[in-house]
Amino acid sequence: MSVLLRLSACLAFAAWLAGAADSLIQVDRRRWVSRADLVFDQPASRPEEGMPLGNGRMGSLVWTTPSALKLQINRVDVHAMDSNTVSFPRADSDYGSGCGFVDVHVVDAGEDVFTPPRFRQHLSLYDALMTIQGSGLSARALAWPNGDVIAIEIDDQRPQPAAIRIDLRMLRYQSQYHPRLTFKLAQENTAVFRTAEHTATSKLGVHGGNITLTQQFREKDFYDSSAVAIGVSGRSSRAHYLNQTTVQLSVAPGRGRFTVFIASAASKDPAADTTQVALSQLSAAAGKGMEGLVRETSGWWSRFWSRGMLHLRSSSGQADFVEANYTYFLYLMGASSRGAYPPRFGGMIWRTDGDLSRWGSQHWWANTYAYYSNLMPSNRLELMDPMFTMYWNMYGAAAQAARQQWGSQGIWIPETTFFNGPERLPDDIAAELQDLMLVRKPFDQRSSRFDWYANNKNRHNSRWNFRGDGDWDHG
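Residues numbered from 1 in each chain as written. Predicted model: local features only at pLDDT ≥ 70, side-chain atom pairs only at ≥ 80, totals over all residues. Heavy atoms only, no water.

**Q** A description of the overall build of the protein chain should follow, citing residues and the corresponding values.
**A** Looking only at helices and strands, one finds nine helices and 20 strands in the protein chain. Taken over 475 residues, the protein chain has a buried fraction of 53%. Surface accessibility of the protein chain: about 21,200 Å² in total, with carbon and sulfur atoms responsible for 53%. (Helix = DSSP H or I, 4+ residues; strand = E, 2+ residues; numbered from the N terminus. Buried < 20%, exposed > 50% of the residue type's maximum accessible area, 1.4 Å probe, protein only. Areas by Shrake-Rupley, 256 points an atom, 1.4 Å probe, with all protein chains shown as cover.)

Right, dumping it as structure tokens:
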């Protein structure tokens, strides 16, 4: 038999084998994935117990009060400062990710909606679709994988529907978030926080029938900006400023369905208009409509689950427990690890407390590794791209740090570092730090200039954590 005939026979057999396997092994992926669904018959007692929605770049937990749906919009690519900051030496005081609070008030007065026994909240992992049932009112919510939009469809079937109010609120309106921050209202609907050389500006906006919240972070040469835009389709609404820190959409009362679109954007380019980018995302989602977004979101997640899964059973239920958590973990990573940066280990993009952040805003390798170490055998290699991209992009900074701090070739990747890697040190500080690190100079002989420089650096950072100076209040 010729080589070509043999090759043809082998290919034919392989094709037959693949078809036979498909016919012999019938995998009901929806059924198995649904074993990890989240189902609440009681409202979450705390915001951090809400259900996660995310498209890999933006996300929020969704939780309820008796009269409202609640979200905090977060993004993986929102950083309030970089490694050059001198404004947050205190551990846990640096922050990032948060873009804005969103409250969907469904009750003006009268009977509460989201209370037992009629309450039910369900997150279908297979479709990444959340449903919420209340007294006379229900909602569907999703995060659109093909655009940075969270959509919430509300179906009001109450005998006497109420006006529904959607509030978009600043994160930074009280100074207890950061004791060193000073706050002032610079002008109408604009708030400015300052601490040392860091400035955070939040600005509310009304654009036609849509509302917006834009943030800008500046320190020396560093710049970052985020925007949230909210609009309504299927019901008349009015946009107006509610107070100095909140802008509101008032939706007319009526029975039936309408959709709330929440878009976001971020950029480190000072020339970029993140507000307009968010508004364009809003327009694109509204053009699809809720049913179009449901189809696209379900299709994306169906393809995601087709790449592999784990099915375990045991009489004790322990194997089932492991399977459900494995599936839920893959959902969390698919919903948070598709951006330019990996989600920060502390809360990922599911934060609910504004800028309050235990462990600050830096990336800790041991914790980040715990999220990513098992994605390769799960056949989700694409979800590892944000981690590798961030560390690859800090290659130059890591090579410079190896030379400055250790007198070494190669690269030094710190355990704890800002997203852009170690900062470039002044030559005299670098020389003295190297002498101290390599024990060529006793620590008690360090210069006053070195002390002054190091004292302005964050205590969690690997380069400077020898400056840890005891316990802070509450942590």
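**Q** Which residues make up the side chain of glutamate 153, and what are the values?
**A** With respect to the element layout, glutamate 153 can be found in strand E9 (residues 149-156). Setting aside residues no more than four positions away along its own chain, glutamate 153 makes contact with Ser138, Ala139, Arg140, Arg257, Phe258, Thr259, Met290 and Glu291. (Contact = heavy atoms within 4.5 Å.)

**Q** If you had to explain the packing of helix H5 (residues 365-372) against helix H6 (residues 385-393) to someone new, which residues and values would you point to?
**A** Where H5 meets H6, the axes come as close as 10 Å, and the angle between the chain directions of the two elements is 150 degrees. Listed contacts from H6 to Trp365, Thr368 and Tyr372 of H5 are Pro386, Met387 and Tyr391. (Axes fitted to C-alpha atoms, helices over the stretch in contact; angles between N-to-C directions.)

**Q** Tell me what's going on with the pattern of salt bridges, and back it up with residues and numbers.
**A** A full pass over the atoms with the stated rule returns 25 salt bridges. Aspartate 428 is paired through a salt bridge with arginine 449; the nearest N and O atoms lie 2.5 Å apart. Of this pair, aspartate 428 sits in helix H8 (residues 427-437) while arginine 449 sits in helix H9 (residues 448-455); the two residues are 21 residues apart in sequence, bridging distant segments of the chain. By relative accessible area, which is 37% here, arginine 449 ends up partly exposed. Sharing partners across several salt bridges, the network here consists of Arg35, Arg313, Asp320 and Glu323. (Salt bridge = Lys/Arg side-chain N within 4 Å of Asp/Glu carboxyl O.)

**Q** Please set out the sheet that holds strand E17 (residues 246-251) residue by residue, giving values where relevant.
**A** Pairing in this open sheet of seven strands is antiparallel, and the strands run E2-E3-E4-E5-E10-E17-E16 from one edge to the other. Each edge of the open sheet carries a strand with a single partner, namely strand E2 (51-54) and strand E16 (237-243). For this sheet, the mean inter-axis angle between neighbouring strands, taken without regard to orientation, is 25 degrees. Bridge count for E2 against strand E3 (residues 58-65) is four bridges, and the pairing is antiparallel. (Pairing = 2+ DSSP bridges.)

**Q** An account of H8 is requested, with residue identities and associated values reported.
**A** Along H8, the positions that sit buried rather than exposed are Ile429, Ala430, Glu432, Leu433, Gln434 and Leu436. At its buried positions, H8 is contacted by helix H7 (395-406) and H9. One or two steps after H8, the chain reaches valine 439, where phi turns positive at roughly 60 degrees.

**Q** Kindly report on the packing of aromatic side chains, identifying the contributing residues and their values.
**A** Applying the stated criterion across every chain, the model contains 23 aromatic pairs. On the basis of an interplanar angle of 75 degrees and a centroid distance of 6.0 Å, the ring pair of tyrosine 95 and phenylalanine 217 is categorised as edge-to-face. Taken together, the positions of tyrosine 95 in the loop between strand E4 (68-79) and strand E5 (96-105) and phenylalanine 217 in strand E14 (residues 210-219) put the pair 122 residues apart, joining distant regions of the chain. We classify tyrosine 95 as buried; its relative accessible area is 1%. Ring geometry for tyrosine 341 and phenylalanine 419: centres 5.6 Å apart, planes at 85 degrees, overall edge-to-face. Of this pair, tyrosine 341 sits in the loop between helix H4 (318-336) and strand E19 (363-364) while phenylalanine 419 sits in the loop between strand E20 (416-417) and H8; the two residues are 78 residues apart in sequence, bridging distant segments of the chain. Among the aromatic side chains, those forming a connected cluster through ring pairs are Trp300, Trp301, Phe304, Trp305, Tyr328 and Tyr331. (Phe/Tyr/Trp six-rings, centres within 6.5 Å; stacked < 30°, edge-to-face > 60°.)

These results come straight from atomic positions and should not be treated as a statement about function.
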